[in-house]
Amino acid sequence: MKNILMIGTGGTIASEMGSSGLSPELSPEQLLHYVPAISKLCNVEFLSLFSLDSTNIAPRHWIEVTRAIEENYDKYDGFVISHGTDTMAYTAAALSYMIQGAKKPIIITGAQKPINYDSTDSKLNLMDAFTCACSEVLHGVAIVFSGRVITGTRARKTCSKSFAAFSSINFPDLASLHDHRLMCYISPEYNEKPAFFHELDENIGLIKMVPGTDHELLEFMLQRKDALIIECFGVGGLPSYDDDKLFDVIRHYTKRGKFIIMTTQVQNEGSDLSVYSVGHRLKSNPSVLEAYDMTTEAAYAKMMWILAQTKEPDTVAKLFYTPVANDILYRG
């Protein structure tokens, strides 16, 4: 039997109802009391790192999870992380950059309803997650949810209440599960020894463009941030509004060492700044990077990982466009 470490972080799956609503209360050991079949599948040990609503998860928690996996990597055959759904995609993306090339499965799961509810999805997701953690064909970070296995850099929460909460954006599911039987379609690449990273530049901002966005908003963010992700309209571009002030702000701050990442608000198919003049004029600026088919979650986590290592523009661009865990396929 495989030896699996279950890491608890809180979330809806571990929540109980109190006077002010749901909050995480149950330990990883208590969760598995509800799914006794897992004990017949593998040997499980437990590590409770924190007990948080995932809305309260921050980059320092990603570093803590990474350290826990690194310290225990040689002791176990796989890992299951129980986590809240609201920021699960961000955690999956961050761990994909902080733990690269892992041969062992690092599976993140959770639920839309607490495990002690009659109508819960927790038991199914936990059983599926441990099935995947015991797999010989899955490697590295993945989200397992509602019968789907999604690589960590491509996941996004696309339903706020339904059990099928997560989608794989611009990339196929790695596998699916039916009656806890794993059908693998893509086996991720791995190394015999993973690379672990322990630092993140948390000084990354995000703006979603709306019609009439004020240039002072960009200026406010770029005064304070090392990099700014801009979610544009359609395939991407920057409005001029007859004064070019948005372009002027970007030129000004990129000359001073700041980075811009252009992506799209449209969920599927990605950006392409070369299509329209409002985007094409940005492409000559070496400090303006284009996310193409990356998710916003992945672009955000990747820039945190990159800028913790270097702020040299050519190296930043090279690292950004170098695929990690299938995070980017189309690069112009």
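Look above for the structure.
So, here's what we can say about the structure. Small disclaimer: the values here were computed from a predicted structure and weren't measured.

### Observations regarding the sheet that holds strand 7 (residues 105–109)
- Spatially, the eight strands line up as an open sheet ordered 4-1-5-7-8-9-12-13, and their pairing is mixed. Edge positions in the sheet fall to strand 4 (42–52) and strand 13 (181–184), since each has one partner strand and no second. Adjacent strand axes in the sheet meet at a mean angle of 25 degrees, parallel and antiparallel pairs treated alike.
- Relative to strand 12 (residues 175–178), strand 9 (residues 148–151) runs antiparallel, the two being bridged by two bridges. When the bridges of strand 12 are listed, Val149 appears paired with Ala175.

### Focus on the pairing of strand 13
- Sheet analysis places strand 12 next to strand 13, joined by four bridges and oriented antiparallel. The residue bridging Leu177 from the neighbouring strand is Leu182, located in strand 13.

### Thoughts on a nonpolar patch on the surface
- A surface patch of nonpolar side chains, amounting to about 280 Å² of accessible area, comprises Met17, Leu22 and Tyr117.
- Checked against the element boundaries, Tyr117 lands in the loop between strand 7 and helix 5 (122–133).

### Description of unusual backbone geometry
- The phi dihedral of His180 is positive, around 65 degrees, even though this residue is not glycine.
- Residue His180 is classed as partly exposed on the basis of its relative accessible area of 33%.
- A positive phi angle, near 55 degrees, is found at Ala325, a position not held by glycine.
- Relative accessible area serves as the criterion here: at 37%, Ala325 is assigned to the partly exposed category.

### Here's the deal with the packing of helix 9 (residues 296–307) against helix 10 (residues 313–321)
- For the pair helix 9 and helix 10, interaxial distance at closest approach is 10 Å and the crossing angle is 140 degrees. Taken together, helix 9 and helix 10 sit at an angle that is classed as oblique. Pair helix 9 / helix 10 crosses with right-handed handedness. Here Lys302, Met303, Trp305, Ile306 and Leu307 of helix 9 lie close against helix 10, whose contacting residues are Val316, Leu319 and Phe320.
- Across the contact of helix 9 with helix 10, the residue classes tally to seven nonpolar, no polar and one charged.

### Observations regarding the packing of helix 6 (residues 215–224) against helix 7 (residues 245–254)
- Helix 7 packs onto helix 6 with a crossing angle of 15 degrees between their chain directions and a minimal axis gap of 9 Å. Regarding the angle of helix 6 to helix 7, the classification is roughly parallel. Handedness of the crossing formed by helix 6 with helix 7: right-handed. Judged by residue contacts, His215, Leu218, Glu219, Leu222 and Gln223 of helix 6 engage Lys245, Leu246, Val249, Ile250 and Tyr253 from helix 7.
- In terms of residue class, the contact of helix 6 with helix 7 is made up of six nonpolar, two polar and two charged.

The rules behind these values
- Residues numbered from 1 in each chain as written.
- Predicted model: local features only at pLDDT ≥ 70, side-chain atom pairs only at ≥ 80, totals over all residues.
- Heavy atoms only, no water.
- Pairing = 2+ DSSP bridges.
- Helix = DSSP H or I, 4+ residues; strand = E, 2+ residues; numbered from the N terminus.
- Axes fitted to C-alpha atoms, helices over the stretch in contact; angles between N-to-C directions.
- Patch = residues over 30% accessible without salt bridge, like charges linked within 9 Å, V, L, I, M, F, W, Y side chains within 5 Å.
- Areas by Shrake-Rupley, 256 points an atom, 1.4 Å probe, with all protein chains shown as cover.
- Salt bridge = Lys/Arg side-chain N within 4 Å of Asp/Glu carboxyl O.
- Buried < 20%, exposed > 50% of the residue type's maximum accessible area, 1.4 Å probe, protein only.
- Parallel < 35°, antiparallel > 145°, perpendicular 65-115°, else oblique.
- Left-handed = near helix turned anticlockwise from the far one by under 90°.
- Contact = heavy atoms within 4.5 Å.
- Nonpolar A, V, L, I, M, F, W, Y, C, P; charged D, E, K, R; others polar.

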